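# An overview of the molecular structure
Chain residues, written in single-letter form:
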Amino acid sequence: QLYALGAIDDGMDLTDYGKKMARLPLDPTFAHLLLQSPQYNCTTEMLTAISMLSAENIFYRPGGNEEGKGNSLSAKAAAAHRRFASYEGDLPTMLNVYDCWR
C-alpha cells in the first residue's frame, strides 16, 4: 500500500512524499487523500470526510428487527439513511450527512 501511494520507493526507502504523509497522524490512505486534495480544490471536503470516517459509525441502527413490518425502527432508520446515500460512494455520503447537520 505504501508503495502504491508513493510513500516508499523501489528500495523500500521513505520518499519525500512519504515523509509528508508520516507527519500527519492519519492512516496512510487518509494522509494521501488529504495531501492530494489541494490539486482538486477539495481540501475542506476531504478534511470533513476523513474526520467522519475516523469517527465511530455515524449511522445509528436500532435493534429489535420486527420481521415483516415495514414500520419497524430498523426499517425507519434504514429509510432515513438512504436519504443521505450517494451513488458515488462513501465519501460523498459522509459529506451529505455533514452538510445536512451543519
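Quick note: structure is the one above.
Residues numbered from 1 in each chain as written. Predicted model: local features only at pLDDT ≥ 70, side-chain atom pairs only at ≥ 80, totals over all residues. Heavy atoms only, no water.

## Comments concerning the overall build of the protein
- The secondary structure content of the protein amounts to six helices and zero strands.
- The order of helices and strands in the protein, counted from the N terminus, is α-α-α-α-α-α.
- Oriented by its inertia axes, the alpha-carbon framework of the protein measures out at about 60 × 25 × 20 Å.
- Across the 102 residues that make up the protein, the buried fraction comes to 28%.
- Sequence-distant contacts, at least 24 apart, represent 28% of the contacts inside the protein between residues at least 6 apart.
- With an accessible surface of roughly 7500 Å², the protein has 54% of that area assigned to carbon and sulfur atoms. (Helix = DSSP H or I, 4+ residues; strand = E, 2+ residues; numbered from the N terminus. Buried < 20%, exposed > 50% of the residue type's maximum accessible area, 1.4 Å probe, protein only. Contact = heavy atoms within 4.5 Å. Areas by Shrake-Rupley, 256 points an atom, 1.4 Å probe, with all protein chains shown as cover.)

## Let's talk about helix α3 (residues 28-36)
- Among the residues of α3, F30, A31 and L34 are the ones counted as buried. Each buried residue of α3 sits inside an arc of 100° when the element is viewed along its axis, so together they form one side. (Arc of directions from axis to C-beta.)

## Some thoughts on the packing of α3 against helix α4 (residues 43-54)
- The geometry of α3 relative to α4 is characterised by a closest axis approach of 9 Å and an angle of 165° between their N-to-C directions. As the angle between them shows, α3 and α4 are arranged roughly antiparallel. As α3 packs across α4, the resulting crossing turns out to be left-handed. Of α4, the residues touching α3 (which contributes F30, L33 and L34) are T43, M46, L47, I50, L53 and S54. (Axes fitted to C-alpha atoms, helices over the stretch in contact; angles between N-to-C directions. Parallel < 35°, antiparallel > 145°, perpendicular 65-115°, else oblique. Left-handed = near helix turned anticlockwise from the far one by under 90°.)

## Comments concerning the packing of α4 against helix α6 (residues 90-101)
- At their nearest, the axes of α4 and α6 sit 9 Å apart, and the two run at 95° to each other. With respect to their mutual orientation, α4 and α6 come out roughly perpendicular. In this structure, α4 contributes E45, M46, T48, A49, M52 and L53 to the contact, and α6 contributes L91, M94, L95, V97 and Y98.

## Regarding the state of the cysteines
- Under the counting rule described, the total for this entry stands at zero disulfides.
- The thiol of C42 is unpaired, and the distance to the nearest cysteine sulfur, on C100, comes to 19 Å.
- Residue C100 is classed as exposed on the basis of its relative accessible area, which comes to 58%. (Disulfide = S-S within 2.5 Å.)

## Section: α4
- The end-to-end C-alpha distance of α4, which contains twelve residues, comes to 16 Å, matching closely the 16 Å that a straight helix rising 1.5 Å per residue would cover.
- For α4, the complete set of buried residues consists of M46, T48, A49, I50 and M52.
- Residues of α4 that are buried sit in contact with α3 and α6. (Expected span 1.5 Å × (residues − 1).)

## Description of the pattern of salt bridges
- Under the definition given, this model contains one salt bridge.
- For D99, the salt bridge identified is with R102, shortest N-O distance 3.2 Å.
- Using a relative accessible area of 66% as the deciding quantity, one classes R102 as exposed. (Salt bridge = Lys/Arg side-chain N within 4 Å of Asp/Glu carboxyl O.)

## Some words on unusual backbone geometry
- One non-glycine residue, M12, lies in positive phi territory at about 65°.
- With respect to the helices and strands, M12 occurs in the loop between α1 (2-5) and α2 (16-22).
- Unlike most non-glycine residues, N41 shows phi in positive territory, near 55°.

These results come straight from atomic positions and should not be treated as a statement about function.
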